[in-house]
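# Close look at the chain arrangement
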Amino acid sequence: MLDTVLLAVGPGDEDRSGQLAETVLEVAKPADATVVLAHVFTSTEYDEVLERLEFDRTVDEIDPDAVAARHSTIHELQAIFDEHGVDYEIRGAVGDHGQSIVDLTASADADRVVVGGRRRSPTGKAVFGSTAQEVLLSAPCPVTFVRSDASVPTQ
């Protein structure tokens, strides 16, 4: 049974948000599943976003869920899911992208994870790591990988 689908959204997913939404809708809508829109920030990314979005750091501790909710890609996905009548919630986290997505998947008790990425060479993965690869290998449930069309080499 499919109750919860976690959609991991990262800084490079603006160009593939439509593909990610389409993939999630294919599995979540027929099952009437809730979608967890998850955005993970590294510490540096989080500080930059807080500055750019003009959060008042003097008020209280700023919740990563609130920061994620203000991200433009999350707004685009919310509009699509609202249009299709799909229930969703927003979660944010600060930490290593791959491990934090796996942790959010476990805490949301997700039945499926959808993660985007681009085609990379084995050397590129070895040198720079791969968030999607870590999620594929470590998630406690099935993972669907959505490869960006922009990553297909052209001649």
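Computed from a predicted model, the values in this text were never measured in an experiment.

### Description of the packing of aromatic side chains
- Evaluated as defined, the whole model comprises two aromatic pairs.
- Here the aromatic rings of phenylalanine 81 and tyrosine 88 are separated by 6.4 Å at their centres, their planes lie at 45°, and the arrangement is tilted.

### Brief notes about the pairing of strand 2 (residues 34-41)
- Most of strand 2 is tucked away: seven of the eight residues are buried.
- Pairing between strand 1 (residues 4-9) and strand 2: six bridges, direction parallel. Across the sheet, threonine 4 pairs through a bridge with threonine 34, a residue of strand 2.
- Once you follow strand 1 into helix 1 (residues 17-31) and on to strand 2, the crossover reads as right-handed.

### A word on the confidence of the model for the protein
- In this model, the protein carries a mean pLDDT of 86, and residues with pLDDT of at least 70 account for 87%.
- Here residues 151-155 is a poorly scored stretch, pLDDT under 50, and it has three contacts once near neighbours within four places are set aside; other chains count.

### So, the pattern of salt bridges
- Counting across every chain of the model gives two salt bridges.
- A salt bridge links glutamate 89 to arginine 91; the nearest nitrogen and oxygen atoms lie 2.8 Å apart.

### Brief notes about the nonpolar core
- Ranked by internal contacts, the top residues of the largest apolar core, which has 27 residues, are Leu7, Val24, Val35, Leu37, Val67 and Phe81.
- When residues of this core are traced back to their parent elements, those giving at least two are strand 1, helix 1, strand 2, helix 2 (43-52), helix 3 (64-69) and helix 4 (72-83).

### Here's the deal with helix 2
- Listing the buried residues of helix 2 in full gives Tyr46, Val49 and Leu50. Considered in projection along helix 2, the buried side chains sweep an arc of 100° and stay on one side of the axis. Facing away from the buried side of helix 2, by more than 90 degrees, are the exposed residues Glu51 and Arg52.
- Looking at the packing, one finds that the buried side of helix 2 touches strand 2, helix 3 and strand 3 (88-94).
- Two residues or fewer after helix 2 comes glutamate 54, characterised by a positive phi angle close to 55°.

### A short note on the packing of helix 5 (residues 97-107) against helix 7 (residues 131-138)
- At a minimum axis separation of 8 Å, helix 5 and helix 7 run at an interaxial angle of 35°. For helix 5 against helix 7, the interelement crossing comes out right-handed. Residue-level inspection shows His97, Gly98, Gln99, Ile101 and Val102 of helix 5 in contact with helix 7, the latter providing Thr131, Glu134, Val135 and Ser138.

### Section: the environment of glutamine 19
- In this fold, glutamine 19 is placed in helix 1.
- Taking the relative accessible area as the measure of exposure, glutamine 19 reaches 21% and is therefore partly exposed.
- C-alpha separation for the pair glutamine 19 and valine 146, spaced 127 residues apart in sequence, amounts to 7.3 Å.

### A short note on the sheet that holds strand 4 (residues 112-117)
- Taken together, the five strands give an open sheet; going across it, the order is 3-2-1-4-5, and neighbouring strands pair in parallel fashion. Every interior strand has two partners, whereas the edge strands, strand 3 and strand 5 (143-147), have only one. Going from strand to strand, the sheet's axes swing by 20° on average, the running direction of each strand aside.
- The sheet strands contacting helix 2 are strand 2 and strand 3, and the helix crosses strand 2 at an angle near 95°.

Thresholds, definitions, all that
Residues numbered from 1 in each chain as written. Predicted model: local features only at pLDDT ≥ 70, side-chain atom pairs only at ≥ 80, totals over all residues. Heavy atoms only, no water. Phe/Tyr/Trp six-rings, centres within 6.5 Å; stacked < 30°, edge-to-face > 60°. Buried < 20%, exposed > 50% of the residue type's maximum accessible area, 1.4 Å probe, protein only. Helix = DSSP H or I, 4+ residues; strand = E, 2+ residues; numbered from the N terminus. Pairing = 2+ DSSP bridges. Right-handed = clockwise from strand over helix to strand, strands pointing away. pLDDT = per-residue confidence, 0-100. Contact = heavy atoms within 4.5 Å. Salt bridge = Lys/Arg side-chain N within 4 Å of Asp/Glu carboxyl O. Core = buried A, V, L, I, M, F, W, Y, C linked by side-chain atoms within 4.5 Å. Arc of directions from axis to C-beta. Axes fitted to C-alpha atoms, helices over the stretch in contact; angles between N-to-C directions. Left-handed = near helix turned anticlockwise from the far one by under 90°.

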